[in-house]
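Structure assessment
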Amino acid sequence: MSVAPPPTVTLGDRFARELAEMAVPWRAAEAPEPRLLVLNEPLAAELGLDPDWLRNPEGLGLLVGTVVPSGAAPVAQAYAGHQFGGFVPRLGDGRALLLGELVDSGGQLHDLHLKGSGRTPFARGGDGLAAVGPMLREYVVSEAMHALGIPTTRSLAVVATGGLVRRETLLPGAVLARVASSHLRVGSFQYARATGDVDLLRRLADFAISRHHAAAADAEQPYLAFFESVVAVQASLVAQWMLVGFVHGVMNTDNMTISGETIDYGPCAFMDAFDPATVYSSIDQGGRYAYGNQPLLAEWNLARLAEAMLPLFADEDEAAVATAVEALGGFRPQYNAAWSAGMRAKLGLPHGLDDAVTQALFEELLGLLEKDHVDLTSFFRGLGAAARGDVEPTRNLFLDLAGIDGWLERWRALGPDADAMDRVNPVYIPRNHLVEEALTAATEGDLDPLQRLLDAVTRPYDERPGLERYAAPAPQDFGTYRTFCGT
Ligand code: AMP
Ligand code: MG
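1. Things to note about the overall build of the chain
Of regular secondary structure, the chain possesses 19 helices and eleven strands. What you see for the chain is a C-alpha radius of gyration of 23 Å, in line with the 23 Å of a compact globule of 487 residues. Principal axes of the C-alpha set define a box for the chain whose edges measure 65 × 65 × 40 Å. Within the chain, the proportion of its 487 residues that are buried is 55%. Of the contacts made within the chain by residues no fewer than 6 positions apart, 71% connect residues no fewer than 24 positions apart. About 20,000 Å² of surface is accessible on the chain, with carbon and sulfur atoms providing 53% of the total. Of the side-chain charges in the chain, 38 are positive and 62 negative, and the distance between the mean point of each set is 4 Å.

2. Points about the pairing of strand β9 (residues 170–180)
In terms of burial, β9 is a largely internal element, eight of the eleven residues being buried. Sheet analysis places strand β7 (residues 109–115) next to β9, joined by five bridges and oriented antiparallel. Within β9, the position partnered with D111 by the bridge is A180. In this structure, strand β8 (residues 154–166) lies alongside β9, joined through nine bridges in antiparallel fashion. Each residue of the ladder has a partner; that of V159, found in β9, is V175. In textbook terms, the turn of a hairpin is the stretch between consecutive antiparallel strands, and for β8 and β9 this stretch comprises three residues.

3. Regarding the side chain of R464
Of note, R464 is situated in the loop between α18 (448–457) and α19 (468–471). Within the buried core, R464 has no salt-bridge partner, and the shortest N-O distance to an opposite charge, that of D462, equals 4.2 Å. A polar side-chain atom of R464 sits 3.1 Å from the main-chain carbonyl oxygen of A456. Setting aside chain neighbours within four positions, we find R464 in contact with Y428, D455, A456 and R459.

4. Quick look at the coordination of the magnesium ion (ligand 2)
The protein atoms that coordinate the magnesium ion (ligand 2) are N255 (OD1) and D264 (OD), at distances of 2.0 to 2.2 Å. Per residue, the accessibility class of N255 equals that of D264, and both read buried.

5. Here we look at the pattern of salt bridges
A full pass over the atoms with the stated rule returns 28 salt bridges. R167 is paired through a salt bridge with D127; the nearest N and O atoms lie 2.6 Å apart. Here the residue R167 occupies a position in the loop between β8 and β9, and D127 occupies one in the loop between β7 and α5 (132–147), the gap between them amounting to 40 residues. Counted as one network, the salt bridges with shared partners bring together K115, E138, R178, R185 and D264.

6. A closer look at the packing of helix α8 (residues 222–244) against helix α11 (residues 331–346)
Running from N to C, α8 and α11 point in directions that differ by 35°, and their axes come no closer than 8 Å. In this structure, the crossing between α8 and α11 has a hand that is right-handed. Judged by residue contacts, V231, A232, Q234, A235, S236, V238, A239, M242 and L243 of α8 engage F331, Q334, Y335, A338, W339, G342, M343 and K346 from α11.

7. Notes on the nonpolar core
Ranked by internal contacts, the top residues of the largest apolar core, which has 102 residues, are F189, L347, F379, W407 and W411. Here this core gets 15 residues from one element, more than from any other, and that element is α8. Looking at which domains feed residues into this core, each of domain 1 (14–180) and domain 2 (186–339) supplies at least three. Setting aside its immediate chain neighbours within four residues, F379 contacts L365, L369, V374, T394, L397, F398, I404 and W407. Ranked by size, the runner-up nonpolar core spans 27 residues in total, among them M135, V140, L450 and L453.

8. Some points on the site of ligand 1
G92, G94, D127, G128 and N255 are the nearest of the 18 residues found near ligand 1. At a separation of 2.7 Å, an oxygen atom of ligand 1 approaches a polar backbone atom of G94. R95 places a side-chain nitrogen or oxygen 3.3 Å from a nitrogen atom of ligand 1. In the complex, the protein chains occlude 85% of the 490 Å² of accessible area that ligand 1 would expose alone. Taken together, the residues of the shell around ligand 1 sort by class into four nonpolar, seven polar and seven charged. Taken domain by domain, the makeup of the shell around ligand 1 includes at least three residues from each of domain 1 (14–180) and domain 2 (186–339).

9. Considering a negative patch on the surface
Taken together, D315, E316, D317 and E318 make up a surface patch of like negative charges. Relative to the assigned elements, E316 resides in the loop between α9 (294–313) and α10 (317–328). By relative accessible area, which is 57% here, E316 ends up exposed.

10. Thoughts on the environment of G245
Considering the arrangement of structural elements, one finds G245 in the loop between α8 and β10 (246–247). Residues G245 and P276 lie 31 residues apart in sequence; the distance between their C-alpha atoms is 9.4 Å.

11. Thoughts on the domain arrangement of the chain
Taken domain by domain, the chain consists of domain 1 (14–180) and domain 2 (186–339). Measuring from the centre of the C-alpha atoms in domain 1 to the corresponding centre in domain 2 gives 23 Å. For the domain 1 face of the interface with domain 2, the top three residues by lost area are M22, H82 and F84, together amounting to 22%. Counting across the interface, domain 1 meets domain 2 through five salt bridges. Note that R203 is salt-bridged to E21, the shortest N-O span being 2.5 Å. If you look at where domain 1 meets domain 2, you find 15 residue pairs in polar contact (both at pLDDT 80 or more). Those elements giving two or more residues to the side of domain 1 that touches domain 2 turn out to be α1 (14–18), β4 (81–83), β7, α5 and β9. No other element matches the five residues that α5 contributes to the side of domain 1 that touches domain 2. Here the side of domain 1 that touches domain 2 is built from residues that sort into 17 nonpolar, nine polar and ten charged.

What counts and what doesn't
Residues numbered from 1 in each chain as written. Chains lettered and ligands numbered in written order. Predicted model: local features only at pLDDT ≥ 70, side-chain atom pairs only at ≥ 80, totals over all residues. Heavy atoms only, no water. Helix = DSSP H or I, 4+ residues; strand = E, 2+ residues; numbered from the N terminus. Rg over C-alpha atoms; globule rule 2.2 N^0.38 Å. Buried < 20%, exposed > 50% of the residue type's maximum accessible area, 1.4 Å probe, protein only. Contact = heavy atoms within 4.5 Å. Areas by Shrake-Rupley, 256 points an atom, 1.4 Å probe, with all protein chains shown as cover. Lys, Arg positive; Asp, Glu negative; His and termini not counted. Charge placed at Lys NZ, Arg CZ, Asp CG, Glu CD. Pairing = 2+ DSSP bridges. Salt bridge = Lys/Arg side-chain N within 4 Å of Asp/Glu carboxyl O. Polar contact = N/O pair within 3.5 Å; in protein donor to acceptor, adjacent residues only side chain to side chain. Donors = N, O, S within 2.8 Å, 3.2 Å for Na, K, Ca; no water. Axes fitted to C-alpha atoms, helices over the stretch in contact; angles between N-to-C directions. Left-handed = near helix turned anticlockwise from the far one by under 90°. Core = buried A, V, L, I, M, F, W, Y, C linked by side-chain atoms within 4.5 Å. Domains from an automatic or database assignment. Near = heavy atom within 4 Å. Nonpolar A, V, L, I, M, F, W, Y, C, P; charged D, E, K, R; others polar. Patch = residues over 30% accessible without salt bridge, like charges linked within 9 Å, V, L, I, M, F, W, Y side chains within 5 Å. Buried area = accessible area lost by both parts, 1.4 Å probe.

Encoded structure:
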């Protein structure tokens, strides 16, 4: 029998050391019988983690937090947050742990973080646990986002704990091991600000600059330059969500990163029929986080970040506010530019067209898609065929044939590049009915549907025979889709 090599995993404790006021040393709960459900081998390799070692009992222990490499200092992170507009000064990791920082093969730092690893001092009324279904859901959707080229936290593994969690019924419990360029959130800054300790706020900003927006350190006003960088990455991120029809579902300020990565896949879902009012989350009754509101809400969250950072912008309140308002003004033009560039690419349009012409084309198209409840993903992918001359599949998606015919004629006259379109319009997204099917099967012990779905959505642009059902919209009887937070 071969002996397992000693763990070579080195986890840094930079956050725990440099921002100790925001880090509560903590350990994961015991997992009665850990069983690996899914492991992201390519990601493990990038991080210098041996997949075979991760599969053995010690490796599984790392993935559920019960084996802590020497020198590591796992912590629950403190953060605040506006939840549906209401400020909560102390949220923090109620069921999560930052195990530490890993250095990848390119020298880049990443957080290794667990979700569902037991109650922490931030748990309030929660049980600190997570069920298999929601953790696999984060795994599938985050890996699909990554494959689509959209910045996101990554998923390394989901391990069933062998324990049960009580939700509406008893469900198998699991821990998700996730990787992010950091877990700093808008809510982290709100927490530091709420303590009244400006030195802590400054150290947090310095930490965030060095980890994410290093160029800001050399600017004339580093904290302002840092804030502008966060505005820029979030404007770009939300534009990319909008272009693929992603609805985050719970854009509270504690769920918005400083790095510009998508984080916290709770009630998220991909929109099928195009409708700006689309909401999936069962608790979002007012539609605050509806698809069409996401850019506005991102801007609102960035205003909360600016508020938290005011003491770093200027000594005088008035000057600080004026600086913040001006910097925040950069969001809309940057969002619009990113979205328009993305739409031009999705429509295969050449560079150098008159903006007024393309904007009119975009607006008219969105009106037609909304009016006829057209499936967004099928439409854009099918449009590649239309650019090659086969317009019937596209026409068949619409009731208003005169409307789409007129639009297609104007669009085709601009000379769209079909091959370029196929590189940016996905065939496969994690469609809600397929995600539910895979999670239900996995909860009952059958992991095959999950693997097949992962195969499809991790190569989203590469159309493959045999995967037709992964490209098709939900059957009519799938009904209204509802998603849930914090499960
Ligand atoms: P979320 O909406 O998932 O981003 O979570 C909001 C807050 O609730 C965070 O502070 C979480 O750590 C906490 N939370 C969510 N679910 C649980 C749970 N089952 N046990 C303890 N804390 C939780
Ligand atoms: Mg969260």
